[in-house]
Amino acid sequence: MKPTRTKISIFWMIVFFITFSAISVFLINNIISVNKLNRDISELKDNLGKVNQTNNSYRIEIEKLSSYDRIKKLAEEKLNLKVYEGSVKTGSKIKIKKSDM
């Protein structure tokens, strides 16, 4: 007995290669998209780190500028205010115009 060979249809071969090509293009496109998103995420993390560092430096600057000793010195020099022991009231605010400074 002779083994029978089955013929492969050219149509099904073309369909297989087109399907394989489409799947390959889809997967490669996904890989490229994921790499681009990873790069964008990395850039955003770097930017976030810079913003956090800037915020921390601003907080330090605010703490320096709003210290009691600095404000007391400015009040004594520019506004001729005197501070005595026990004369500080808590809960009250003094408004000063920028033009007075």
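Above this note sits the structure.
What comes next is a walk through the structure. (Residues numbered from 1 in each chain as written. Predicted model: local features only at pLDDT ≥ 70, side-chain atom pairs only at ≥ 80, totals over all residues. Heavy atoms only, no water.)

## Quick notes on a nonpolar patch on the surface
- The grouping of Ile8, Met13, Phe16, Phe17 and Phe20 at the surface amounts to a nonpolar patch, some 550 Å² of accessible area in total.
- The residue phenylalanine 16 is located in helix H1 (residues 10-65) in this model. (Patch = residues over 30% accessible without salt bridge, like charges linked within 9 Å, V, L, I, M, F, W, Y side chains within 5 Å. Areas by Shrake-Rupley, 256 points an atom, 1.4 Å probe, with all protein chains shown as cover. Salt bridge = Lys/Arg side-chain N within 4 Å of Asp/Glu carboxyl O. Helix = DSSP H or I, 4+ residues; strand = E, 2+ residues; numbered from the N terminus.)

## A word on the packing of aromatic side chains
- All told, the structure shown has 3 aromatic pairs when counted by the stated rule.
- Ring geometry for phenylalanine 11 and tryptophan 12: centres 5.2 Å apart, planes at 70°, overall edge-to-face. Residues phenylalanine 11 and tryptophan 12 agree in their burial class; the two are exposed.
- Ring geometry for phenylalanine 16 versus phenylalanine 17: centroids 5.5 Å apart, planes at 65°, classification edge-to-face. (Phe/Tyr/Trp six-rings, centres within 6.5 Å; stacked < 30°, edge-to-face > 60°. Buried < 20%, exposed > 50% of the residue type's maximum accessible area, 1.4 Å probe, protein only.)

## Here's the deal with unusual backbone geometry
- Backbone geometry at asparagine 80 places phi at a positive 55°, although glycine is not the residue there.
- The residue asparagine 80 is located in the segment after helix H2 (68-78) in this model.

The analysis is restricted to geometry; functional conclusions fall outside its scope.
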